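Architecture and fold: a report
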Amino acid sequence: MPVVSVAFSGSIALIRIDNPPINATSHAVRAGLMEAMEQIAQNTNITAAILICAGKTFIAGADITEFNLPPQAPLLPDVILRLETLKIPIIAALHGTVLGGGLEVALGSHYRIAAPDTKLGFPEVNLGLIPGAGGTVRTPRLIGPHHACTLIADGKPVGAAVAHDWGLIDQLADQDLEQAAIAFAQAAAKAPLPTALTHRPLSDKAPDWDQILQKTRQKARGANAPVVALETIRAGLSLPAAEALALERQQFLKLRDSEQSYALRHIFMAERSVGKLGTHKKITPAPLHHVGIVGGGMMGAGIATACLLAGYKVTMIERGDDALQSGTQTVTRHLQTSRDRKIISEPLYNEHLARFNGSTNYCALANCALVIEAVFEDFNIKKAVFAALEDVVSPDTLIASNTSYLDLNALAASTRHPERVIGLHFFSPAHIMKLLEVVCTDHASAQNISTALAFARTLGKIAVPTGVCDGFIGNRIMSAYRKQCEYMLEDGAYPEQIDAAMTEFGFPMGLFAMQDMAGLEISWNTRKRLAPTRDPAERYVALGDYLCEQGRFGRKSGAGWFLYENANAAPVPDPIVTAMIDSESDRKGITRRPFSPAEIIKTILATMQGEGQKILDEGIAQSPDAIDVVMINGYGFPRWRGGPMFMSK
């Protein structure tokens, strides 16, 4: 069956694309569209044509598997130019996700009609690219440069209502999309053919280019594509359309062949593959409808919110009424924020709250198919929670721990059914952060691991399977490079120098500011837990211990590695910390020396890669890609660099 077909409704031609799963603009689709347009151009009985897609979505982008292949005609820019020059009106009937090349095809059409839940956008910058088939040229000529810059440089889609307000689409379909498009086409056939976007006059209102470029550079933190996108839009607005299209294509091809785009395409594909275990491919995950959460602190409340937003019924357990009330208030506040930011509607907000309840009695979890404990990071406390759960839940209930470091094999061994114990290591804030490490204990059944991975995906998380070790993948690597950074403190660097090197490299914040934000007592408790088994010959840096002993736990206490004027203030270097570091170097007889930013980053990167290789050798991570995905999505490693293991190739 052809991927592009033509059918008729009276004098209206329906060009239908059927190229599952996302109707990508592969060579077969491009060639099929060209053939369909020639067929229509030669039929004088056709008064209008509709471009529509089968399946769940309109064209949702290019076929990126073709990026590394020689170009094969017809190219997408040529297909869209042909669309634009047809002598009858072309109506793009949009649904699902209209992205990248799909939106460019829609812009090449004369009109656009969309289902109300359609999302439209240009995500190319997320792959280190810009639109390459007219997006930077036609979009500002349709909706003005302000909205065009937002849509293209941010890389985030907008809903149909916003797109309609901007003028990106002409009509929202309030009925069956195909029937609405046919009615629209019948009316359009009687009206004068609109001017193609490439020939429309430009808006007189130009943005403050210097300001928008400055903000974009700061936000991009070294990524090139967002800045190039703006520069291309700006230049294209002062050129004739043909020259603007040629410039865009030149910039697109240059970016496509860049190291950044290669790295971003690597991580894009890695995020879609790391959660798939081939050994579990034929296993059907168990159905989950009711999730229990033990612990209503910031982590537990965040996990509960994530589950509610995914449509689950949620029961939260706390030790007492006051703690339960506090946890309930946190969940409610999270949902209110989602409502206020238009992420969820008022009816959906009420629906989520209706599926949430709390209790101080474990018996309330009796009907849960999955229970996640999110209590204090103490083995004996978690062991007691698991014992209490086993007394009330079904033998088939999946029991998960949110531990960051503790031995999940030992925790599972303390239960009557160790095969149902797994780890679900969320990252804070749990309802926002995309990463979720799914910890596969030695005795966990394949069925339960498959269920946990499927559950993670329903939450919209990037699920990364990991074996059991201290810190799993992410925290183990972070502990390793944190040690090296602490060694550099004693050897001659200061926290602000290390953090500055990391942010210059592309991290959103440095290691020490990040520790202050998380709370220094977390790593302090870990160090105290590991103290009895620590090798006496191992170099140990006690600076973090000194800070905690003084009550300096970070941002929340106003002081940690840095000083904070208030909860939202920027970190400020503290002379007291500087003096403490100098004193510790003197006490240990260390002659301090300067560290360049390049040496700092080289040390951190080498440590990440070295520890990552150990994790691979031990079978803790399934692949180098898994490590890259964890470090980018959980620890702020700059996405456009592809990850530490990618950089070691």
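Okay, so let's go over this structure. The shown structure was predicted, so the numbers you read here are calculated from the model rather than taken from an experiment. Counting from 1, residues in each chain are numbered in the order their sequence is written. Only residues with pLDDT of 70 or above have their local features reported here, since the model is predicted, and side-chain atom pairs are shown and tallied only from 80 upward, although totals for entire chains, interfaces and linings are computed over all residues. Excluding hydrogens and water, the side-chain figures rest on all heavy atoms present in the structure.

1. So, the overall build of the protein chain
- Numbered from the N terminus, helices here are DSSP runs of H or I no shorter than four residues, and strands are runs of E no shorter than two. The helix and strand tally for the protein chain stands at 26 helices and 19 strands.
- A radius of gyration in this sense is built from C-alpha atoms; the matching globule rule multiplies 2.2 Å by the number of residues raised to 0.38. Compactness check: the protein chain gives a C-alpha radius of gyration of 28 Å against a globular reference of 26 Å for 649 residues, within 12% of the reference.
- Overall, the C-alpha framework of the protein chain stretches about 85 × 60 × 45 Å when taken along its three principal axes.
- Burial here depends on accessible area, computed with a 1.4 Å probe over protein chains only, as a share of the maximum for the residue type. Under 20% is buried, over 50% is exposed, and the range in between is partly exposed. By the burial criterion, 54% of the 649 residues in the protein chain qualify as buried.
- Note on contacts: a residue pair qualifies if any of its non-hydrogen atoms lie within 4.5 Å across the two residues. For the protein chain, restricting intrachain contacts to residue pairs at least 6 apart in sequence, the fraction spanning at least 24 positions comes to 72%.
- The Shrake-Rupley method, run with a 1.4 Å probe, gives the accessible areas here. Residue values count only the displayed protein chains as cover. Surface accessibility of the protein chain: about 28,200 Å² in total, with carbon and sulfur atoms responsible for 54%.
- Charge counting follows a simple rule: Lys and Arg are positive, Asp and Glu are negative, and His as well as the terminal groups are ignored. Every charge is mapped onto a representative atom, which is NZ of Lys, CZ of Arg, CG of Asp or CD of Glu. Distance from the positive charge centre (60 side chains) to the negative charge centre (65 side chains) of the protein chain: 2 Å.

2. Section: the pattern of salt bridges
- Between Lys or Arg on one side and Asp or Glu on the other, a salt bridge is scored when a side-chain nitrogen of the former is within 4 Å of a carboxyl oxygen of the latter. Enumeration according to the criterion identifies 30 salt bridges in this entry.
- The partner of Arg-539 in a salt bridge is Asp-491, with the nearest N and O atoms 2.9 Å apart. In this pair, Arg-539 is assigned in the loop between α21 (520-530) and α22 (543-549) and Asp-491 in helix α18 (residues 474-491), connecting sequence segments 48 residues apart.
- With relative accessibility at 21%, the residue Asp-491 sits in the partly exposed group.
- Close ionic contact of Arg-593 with Glu-599 constitutes a salt bridge, the shortest N to O distance being 2.7 Å.
- A relative accessible area of 39% means that Arg-593 is categorised as partly exposed.

3. Things to note about the nonpolar core
- Residues belong to a common nonpolar core when they are buried Ala, Val, Leu, Ile, Met, Phe, Trp, Tyr or Cys residues joined through side-chain atoms within 4.5 Å. Grouped together as the largest cluster of nonpolar side chains are 64 residues, with contacts concentrated most on Leu-33, Leu-94, Leu-103 and Leu-168.
- Among residues more than four places away in sequence, those in contact with Leu-168 are Leu-103, Leu-107, Arg-112, Leu-120, Leu-142, Ile-143, Leu-151 and Ala-163.
- Ranked by size, the runner-up nonpolar core spans 58 residues in total, among them Ala-501, Leu-520, Trp-561 and Val-630.

4. Focus on the sheet that holds strand β2 (residues 12-17)
- For two strands to be treated as a pair, DSSP must find no fewer than two bridges joining them. Strands sit in the order β1-β2-β3-β4-β6-β9 across an open sheet of 6 strands; the sheet is mixed. The strands lining the two open edges of the sheet, one partner per strand, are β1 (4-9) and β9 (171-172).
- Where strand β6 (residues 111-114) meets β9, 2 bridges bridge the pair, whose relative direction is parallel. Along β9, the bridge assignment pairs Ala-114 with Leu-172.

5. Quick look at unusual backbone geometry
- That bond from Ala-73 to Pro-74 is cis: its omega, 0 degrees, falls within 30 degrees of zero.
- If you trace the backbone, Pro-74 turns up in the loop between β3 (48-53) and α2 (76-85).
- Note that the residue after Ser-428, namely Pro-429, is joined by a cis bond; omega there is -5 degrees.
- Checked against the element boundaries, Pro-429 lands in the loop between β15 (421-426) and β16 (435-439).
- The backbone of Asn-23 shows a phi angle near 55 degrees, a positive value even though the residue is not glycine.
- Structurally, Asn-23 is set in the loop between β2 and α1 (27-41).
- You can call Asn-23 buried: its relative accessible area is 2%.
- A positive phi is found at Arg-221, a non-glycine position, where the angle reads about 50 degrees.

6. Considering the sheet that holds strand β10 (residues 290-294)
- The mixed open sheet is built from 8 strands, whose spatial order is β12-β11-β10-β13-β14-β15-β16-β17. Among the strands making up the open sheet, the edge pair consists of β12 (356-359) and β17 (462-466). In this sheet, adjacent strand axes meet at a mean angle of 25 degrees when their direction is disregarded.
- Against the sheet, helix α12 (residues 298-309) touches β10, β11 (313-317), β12, β13 (370-373) and β15, its axis set at about 165 degrees to β11.
- The sheet contacts of helix α15 (residues 379-390) involve β10, β13, β14 (398-401) and β15, and relative to β14 the element is tilted by about 165 degrees. Angles here are taken between N-to-C directions and fall from 0 to 180 degrees, while the axes themselves are lines fitted to C-alpha atoms, restricted in helices to the stretch in contact.

7. Some details on the side chain of Thr-57
- Residue placement: Thr-57 occurs in the loop between β3 and α2.
- We classify Thr-57 as buried; its relative accessible area is 6%.

8. With respect to the packing of aromatic side chains
- Between 30 and 60 degrees the pair is tilted, below 30 it is stacked and above 60 it is edge-to-face, where a pair is any two Phe, Tyr or Trp rings, Trp via its six-membered ring, whose centres lie within 6.5 Å. Throughout the structure, instances matching the rule amount to 9 aromatic pairs.
- Considering the side-chain rings of Trp-524 and Phe-553, the 6.4 Å spacing of their centres and the 35 degrees angle between planes classify their relative orientation as tilted. Remark: Phe-553 occurs in the loop between α22 and β18 (562-563) and Trp-524 occurs in helix α21; sequence separation between them is 29 residues.
- Looking at Trp-524, the relative accessible area reads 17%, which means it is buried.
- The class for Phe-553 is partly exposed, based on a relative accessible area of 26%.
- Counting every residue linked through ring pairs, the aromatic cluster contains Phe-505, Phe-507 and Phe-637.
- Look at NZ for Lys and CZ for Arg. If either is within 6 Å of the ring centre and within 35 degrees of the ring normal, a charge sits over the ring. The ring of Trp-524 carries Lys-528 above its face, with NZ or CZ at 3.7 Å from the centroid.
- Taking the ring centre of Tyr-494 as reference, the NZ or CZ of Arg-592 above it sits at 4.6 Å.

9. Observations regarding the packing of α18 against helix α19 (residues 495-505)
- The geometry of α18 relative to α19 is characterised by a closest axis approach of 9 Å and an angle of 135 degrees between their N-to-C directions. Classified by the interaxial angle, the pair formed by α18 and α19 is oblique. As for how α18 packs across α19, the hand of that crossing is right-handed. Taken together, the residues of α19 that come into contact with α18 (itself represented by Tyr-481, Cys-485, Met-488 and Leu-489) are Pro-495, Ile-498 and Met-502.
- Residue composition of the contact of α18 with α19, grouped by class: 7 nonpolar, no polar and no charged. The cut-offs work like this: below 35 degrees is roughly parallel, past 145 is roughly antiparallel, 65 to 115 is roughly perpendicular, and the gaps in between are oblique. It is the rotation of the near helix from the far one that decides the hand of a crossing: anticlockwise by less than a right angle makes it left-handed, clockwise makes it right-handed. Only Asp, Glu, Lys and Arg are considered charged in this grouping, and only Ala, Val, Leu, Ile, Met, Phe, Trp, Tyr, Cys and Pro are considered nonpolar; every other residue, Gly among them, is considered polar.

10. Describing the side chain of Asn-633
- Looking at where Asn-633 falls in the secondary structure, it is placed in helix α25 (residues 624-635).
- By the criterion applied in these results, polar contacts are pairs of N or O atoms within 3.5 Å in which, for protein atoms, one can donate a hydrogen and the other can accept it, and in which residues neighboring in sequence qualify only through two side-chain atoms. Side chain to side chain, Asn-633 and Glu-271 meet in a polar contact 2.9 Å long.

11. Section: the pairing of β15
- Burial analysis of β15 places 6 of its 6 residues in the buried class, which makes it a mostly covered element.
- Both faces of β15 are covered, namely the face carrying Val-421, Gly-423 and His-425 and the face carrying Ile-422, Leu-424 and Phe-426.
- The pairing of β14 with β15 spans 3 bridges and is parallel. Residue pairing for β15: Ile-399 is matched across the bridge by Val-421.
- Here β15 runs beside β16; their pairing, made up of 4 bridges, is antiparallel. By the bridge assignment for β16, His-425 is matched with Glu-437.

12. A closer look at the environment of Val-158
- Its location among the elements puts Val-158 in strand β8 (residues 158-159).
- A sequence separation of 37 residues divides Val-158 from Gly-121, and the C-alpha atoms of the two residues are 6.2 Å apart.
- Beyond its immediate chain neighbours, meaning those up to four positions away, Val-158 contacts Thr-118, Lys-119, Leu-120, Leu-151, Ala-163 and Trp-166.

13. Overview of the environment of Glu-346
- Mapping Glu-346 onto the fold places it in helix α14 (residues 346-354).
- A residue is classified by how much of its surface remains accessible, and Glu-346, at 42% relative accessible area, is partly exposed.
- Along the backbone, Glu-346 and Asn-402 are 56 residues apart, and their C-alpha atoms lie at a distance of 31 Å.

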